[in-house]
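Spelled out, the chains give:
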Amino acid sequence: MQQITAFAPGRVELLGNHTDYNEGYVLSAAIHYGVSATGGALEEPVARVNSEAMDGTVEVPLDALTPRTGGDSWANYALGVAAMLRGAGHALPGFSLGLTSDLPVGAGLSSSAAVEVATATFLKKLAGLSLDPLELAKLCRRAENEFVGMNCGLLDQVSSVFGKAQCAVCLDCRRESVRNIPFPADLALLVTHSGVKHALVSGEYNERREQCFEAARLLGVLALRDASRAMLDAARPSMPDKTWRRASHIVGENDRVLEGIHAMENADGEAFGRLMFASHESSRLNFENSTPELDALVDIACGISGVLGSRLTGGGFGGATVSLILAGEADRISGTLADAYHARTGHTAVTYLCRIADGAH
Ligand code: GLA
């Protein structure tokens, strides 16, 4: 059997928290940690998926690709991609696929999108499919929405597909346009896992999504992308406080992404870092998707020299922070941060110094 290997990176969200499903803007970067998918074609018309981390194999006939439940549900990210490809009219041969990953699960680094994109990249090559990169990213998102049942936006899959070494990914979710912006060479990204897993599927994420849609409805706009600070100020007396704060977070995040693009284009790490701190503060107060552990990490990072900015990354409710730091100071900064975090919370943080990497290949 001829072997094919595809790799898809995880991502960090740099600015633009929960803006994607509000048709807004996001800045992210693909990182060098990710998921590899290796395998080949089979004679039998089945999808056979194996995961090193789950220590198991799931085999399903190609014409009966429905979501697995219970202990096999980890396979849904890969099976869902095969199902979406078939649903879109792409013929697939039977295949066997082995997944390995060095991405921490539940850290908010999009391990699930990396599985989807690695699987899609593998199947595209195996079956000789013609799919442009945006189509591939959107198909992976559909697998997550419709097969896995998680109503995420397009950020994770686009970042994993369109990442570029030493560049940020800038996504306009309404126009579905993507571009890369060079990342300052003297800066680095330090991801710090709080050691407390996030629970996106537990409903918090979907609840925030609904609150944002409700805010858009009350403001009379199609999506929060269309709301401005002036509209929010005018609507404040008539809107429930919680709904108003959710909208305020999204409007603020969209503004911060646009300012962040400007800062990054001018290699102004200090300005970018300030936006990251402001983003976290808005998560904490307005969107309420932070945790005491993430707050502690950001607060400690703020007091360490060489840290320019820090915020939670991804969905929130646990997981990791991303800090923008001086590249030459990474060892000192990560050691100080982890020690102080342990002393303050009793939890053990794991730090990942991330190289900004190319997208799936
Ligand atoms: C998760 C989702 C993304 C995005 C982020 C928050 O990572 O999968 O689509 O909504 O949360 O910005």
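Residues numbered from 1 in each chain as written. Predicted model: local features only at pLDDT ≥ 70, side-chain atom pairs only at ≥ 80, totals over all residues. Heavy atoms only, no water.

### Some thoughts on the overall build of the protein chain
Then comes step 1: In terms of regular secondary structure, the protein chain is built from 10 helices and 11 strands.
Then comes step 2: A globule of 361 residues ought to have a C-alpha radius of gyration of about 21 Å, and the protein chain, at 20 Å, matches this closely.
Then comes step 3: Taken along its principal axes, the extent of the C-alpha atoms in the protein chain is 60 × 50 × 40 Å.
Then comes step 4: Every one of the 361 residues in the protein chain was classed for burial, and the buried ones make up 59%.
Then comes step 5: Within the protein chain, contacts between residues at least 6 apart in sequence are counted, and of these 72% link residues at least 24 apart.
Then comes step 6: For the protein chain, the accessible surface area stands at approximately 14200 Å², while carbon and sulfur atoms represent 50% of it. (Helix = DSSP H or I, 4+ residues; strand = E, 2+ residues; numbered from the N terminus. Rg over C-alpha atoms; globule rule 2.2 N^0.38 Å. Buried < 20%, exposed > 50% of the residue type's maximum accessible area, 1.4 Å probe, protein only. Contact = heavy atoms within 4.5 Å. Areas by Shrake-Rupley, 256 points an atom, 1.4 Å probe, with all protein chains shown as cover.)

### Observations regarding empty space enclosed by the protein
Where empty space is left becomes clear once a probe the size of a water molecule has been rolled over the atoms.
Then comes step 1: Scanning the entire structure with this criterion turns up 1 cavity of 30 Å³ or more.
Then comes step 2: Its boundaries defined by the atoms lining it, the largest cavity holds a volume of some 40 Å³.
Then comes step 3: Taken together, Phe183, Pro184, Leu187, Ala263, Met264, Ala267, Asp268, Gly269, Phe272 and Leu324 make up the full set of residues lining the largest cavity.
Then comes step 4: Sorting the residues of the lining of the largest cavity by element identifies α7 (241-265) and α8 (269-287) as the ones contributing at least two each.
Then comes step 5: Within the lining of the largest cavity, the residues separate by chemical class into 8 nonpolar, 1 polar and 1 charged. (1 Å grid on protein atoms, 1.4 Å probe; cavity = no way out; pocket = protein on both sides within 12 Å on 5 of 7 lines; lining within 4 Å. Points joined across faces, edges and corners; volume = space filled by probe spheres on them. Nonpolar A, V, L, I, M, F, W, Y, C, P; charged D, E, K, R; others polar.)

### Brief notes about the pairing of strand β6 (residues 167-172)
Then comes step 1: With 6 of its 6 residues buried, β6 lies for the most part within the structure.
Then comes step 2: By the alternation rule, side chains of β6 split into Cys167, Val169 and Leu171 and Ala168, Cys170 and Asp172, which are all buried.
Then comes step 3: Where strand β2 (residues 25-42) meets β6, 4 bridges bridge the pair, whose relative direction is antiparallel. Each residue of the ladder has a partner; that of Leu27, found in β6, is Cys170.
Then comes step 4: In this structure, β6 lies alongside strand β7 (residues 177-182), joined through 6 bridges in antiparallel fashion. Across the sheet, the residue bridging to Asp172 is Ser177, located in β7.
Then comes step 5: Connecting the antiparallel pair β6 and β7 is a turn made up of 4 residues, with Glu176 showing a positive phi of about 55 degrees. (Pairing = 2+ DSSP bridges.)

### A short note on the side chain of His193
Then comes step 1: With respect to the helices, strands and loops of the structure, His193 is situated in strand β8 (residues 187-193).
Then comes step 2: The residues contacting His193, other than those within four sequence positions of it, are Pro104, Val105, Gly106, Ala107, Gly319, Ala320, Thr348, Ala349, Val350 and Tyr352.

### Things to note about the site of the ligand
Then comes step 1: Taken together, 14 residues are adjacent to the ligand, and Glu13, His18, Asp20, Asp156 and Tyr205 come closest.
Then comes step 2: Contacts to the ligand include Glu13, whose side-chain N or O atom sits 2.6 Å from an oxygen atom.
Then comes step 3: Within the backbone of Gly315, a nitrogen or oxygen atom sits 3.3 Å from an oxygen atom of the ligand.
Then comes step 4: Relative to its unbound accessible surface of 300 Å², the ligand loses 97% to contact with the protein.
Then comes step 5: Counting atoms within 2 Å of the grid points, the majority share of the ligand lands in the largest pocket. (Near = heavy atom within 4 Å. Polar contact = N/O pair within 3.5 Å; in protein donor to acceptor, adjacent residues only side chain to side chain. Sits in = over half its atoms within 2 Å of the grid points.)

### Here we look at α7
Then comes step 1: Along its 25 residues, α7 runs 36 Å from first to last C-alpha, staying within 8% of the 36 Å computed at 1.5 Å per residue.
Then comes step 2: Just past α7, the residue Ala267 takes up positive phi, approximately 50 degrees. (Expected span 1.5 Å × (residues − 1).)

### A few points about the pattern of salt bridges
Then comes step 1: On inspection of all chains with the given rule, the structure shows 23 salt bridges.
Then comes step 2: Among the ionic pairs, Lys138 bridges to Glu176, the shortest N-O distance being 2.7 Å. Taken as a pair, Lys138 in helix α3 (residues 133-148) and Glu176 in the loop between β6 and β7 lie far apart in primary sequence, 38 residues in all.
Then comes step 3: Judged by relative accessible area, which is 33%, Lys138 ranks as partly exposed.
Then comes step 4: For Asp226, the salt bridge is made with Arg174, and the minimal N-O distance between the two is 2.8 Å. Here Asp226 is found in the loop between α5 (204-219) and α6 (229-235), whereas its partner Arg174 is found in the loop between β6 and β7, with 52 residues between them in sequence.
Then comes step 5: Classification of Arg174 by relative accessible area gives partly exposed; the value is 30%.
Then comes step 6: Overlapping salt bridges bring together Arg236, Asp241, Arg245, Arg246 and Glu288 as one network. (Salt bridge = Lys/Arg side-chain N within 4 Å of Asp/Glu carboxyl O.)

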